[in-house]
Structure formats: C-alpha cells, structure tokens
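Descriptive analysis of the structure
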Amino acid sequence: QSALTQPASVSGSPGQSITISCTGTSSDVGAYNYVSWYQQHPGKAPKLMIYDVRNRPSGVSNRFSGSKSGNTASLTISGLQAEDEADYYCSSYISSSLVVFGGGTKLTVL
Amino acid sequence: EVQLVESGGVVVQPGGSLRLSCAASGFTFNDYTMHWVRQAPGKGLEWVSLISWDGGITYYADSVKGRFTISRDNSNNSLYLQMNSLRTEDTALYYCAKDMVSSSWDFNFEYWGQGTLVTVSS
C-alpha cells in the first residue's frame, strides 16, 4: 500500500501556528476516524500526540490539535516552541493492510 | 511507569535468522495488544506485526508475512519477533509498542521502546 502523503518539511517562528497535512484516500483517512499523529525527536522513539483524529493523550499539550476533512487529516501546533522541532508522522487504519504511515514531516522552528 | 526494552538486534547476513525480544513493565501486560514497528535508517515508520493480548490473534505486514513470527509470553511480560529469511531491506530499528486499548486493538501506539537495530548485510 502507498504511504500517506505529508509535506517533507514545514517551518515556523516561535509563537506562530503551523499545520501539517496528511493526505490519504477514501480507503484510509477518508473512510475512518482512526488517524494518529506521532512526534519523533532525533535519536528518540516516536511519541503519540493525537489519536482518533482529534484526541490528545494525557500529558500532551493542548497546543497540539488534530482535524480531518475528506481524505486529508491535519495536525496544528499553536504557539510554536523550540522544543516542537521534530519529525511528525501521521498514521491511519486501512482495512487492506491494517495501518499505514505517512512519510513524515520535518518541522523546523526558525 | 510503562517501560518497554527491546533487545536482540545484531548484524546478520542475508538469509539469516534473528529473534528480537521486548521486556515490558509498568502495566498489565496480558491486557494489551502489542506491536512491532520498524524504521529503516533515515526513513519513516512501518508497522510490522501485532499480537493480541492473549496471543490468539496475529497480523503481519505483507512485507514480512511468511518470514516473521510474533509471539508473547504473558507469564514473563515479554514480546518476541522471530525473523527468518532476512533481506537487506529488513535493515531497520525495530520498536515494540503498546496499543492504547485493553482487550482489543486500535493501532494507537501509546508507548514505545527505544528500539533495537537490525542490520542485514554481507
């Protein structure tokens, strides 16, 4: 199966808001409200930031929010901070192969 | 505190075999589905396999089906991945991950280990 499509990189200044998109198809992102987002700092394990499109696990800052429209899910980070600089991956349930990840987006805080 | 500690990663020749282990603590291991997820050097994440909380159900990515076998020992809070017929494209950091929901699965990888590196090279 093809990976979900994410921009290779996004950037923003401290305090600003950025949005990372995750585009799939009517078989994955568009079909189910099972989109998750992970943050990965260099050399570290991924961390779950958003699940089921818009839910935050306990302990994740409310500066992180998720949404979905059609076949595209989005992660928005508001009040950007230096510590948010990391790679971000989306994932979605897909009935044919169970779960598919996006290719990842490198967030740079200017 | 949930902890997942992987081990067993080494350099192995193409066609070889390897068994990875993941020691779990800090939660009721036999209540949760567990996963293996891998990441090739400099690349993105790829889900590999899952095993249900009781070990009765397993699923695999097409890329490893027929070559890898996932298993668990709930008496020892341990997860395993037996890897056979290894290929160069299996080179990756292998993470074990805990599913979020108990007695089911939802592919929300709530906790991750630090990973163990498998290198397949001649």
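Residues numbered from 1 in each chain as written. Chains lettered and ligands numbered in written order. Predicted model: local features only at pLDDT ≥ 70, side-chain atom pairs only at ≥ 80, totals over all residues. Heavy atoms only, no water.

1. Quick look at the state of the cysteines
The full count for this structure, using the stated rule, is two disulfides over all chains. Note that C22(A) is cross-linked by a disulfide to C90(A), the S-S spacing being 2.0 Å. Here C22(A) and C90(A) share a disulfide; its torsion about the S-S bond, 80°, makes the bridge right-handed. Highlighted residues: C22(A) in strand 2 (residues 18-23) and C90(A) in strand 7 (residues 86-94), separated in sequence by 68 residues. The side chain of C22(B) participates in a disulfide bridge whose partner is C96(B); the two sulfur atoms lie 2.0 Å from each other. Handedness here is read from the sign of the S-S torsion; for C22(B) and C96(B), about 45°, the answer is right-handed. Taken together, the positions of C22(B) in strand 3 (residues 18-25) and C96(B) in strand 9 (residues 92-102) put the pair 74 residues apart, joining distant regions of the chain. (Disulfide = S-S within 2.5 Å. Helix = DSSP H or I, 4+ residues; strand = E, 2+ residues; numbered from the N terminus.)

2. Remarks on the environment of Q40(A)
The residue Q40(A) is located in strand 3 (residues 35-40) in this model. Setting aside chain neighbours within four positions, we find Q40(A) in contact with A45(A), P46(A), A86(A), D87(A), Y89(A), Q39(B) and Y95(B). A distance of 3.3 Å separates a polar atom in the side chain of Q40(A) from a polar atom in the side chain of Y95(B). (Contact = heavy atoms within 4.5 Å. Polar contact = N/O pair within 3.5 Å; in protein donor to acceptor, adjacent residues only side chain to side chain.)

3. Things to note about the packing of aromatic side chains
Remark: the centre distance and the inter-plane angle together describe each pair of aromatic rings, the angle taken between the planes. Residues and elements named next belong to chain B. The full count for this structure, using the stated rule, is 16 aromatic pairs over all chains. Considering the side-chain rings of F27 and Y32, the 5.8 Å spacing of their centres and the 75° angle between planes classify their relative orientation as edge-to-face. In this structure F27 comes out as buried when scored by relative accessible area, which is 15%. When the ring of F109 is compared with that of W112, the centres are 5.7 Å apart and the planes differ by 75°; the resulting orientation is edge-to-face. Judged on exposure class, the residue F109 and its partner W112 are both buried. (Phe/Tyr/Trp six-rings, centres within 6.5 Å; stacked < 30°, edge-to-face > 60°. Buried < 20%, exposed > 50% of the residue type's maximum accessible area, 1.4 Å probe, protein only.)

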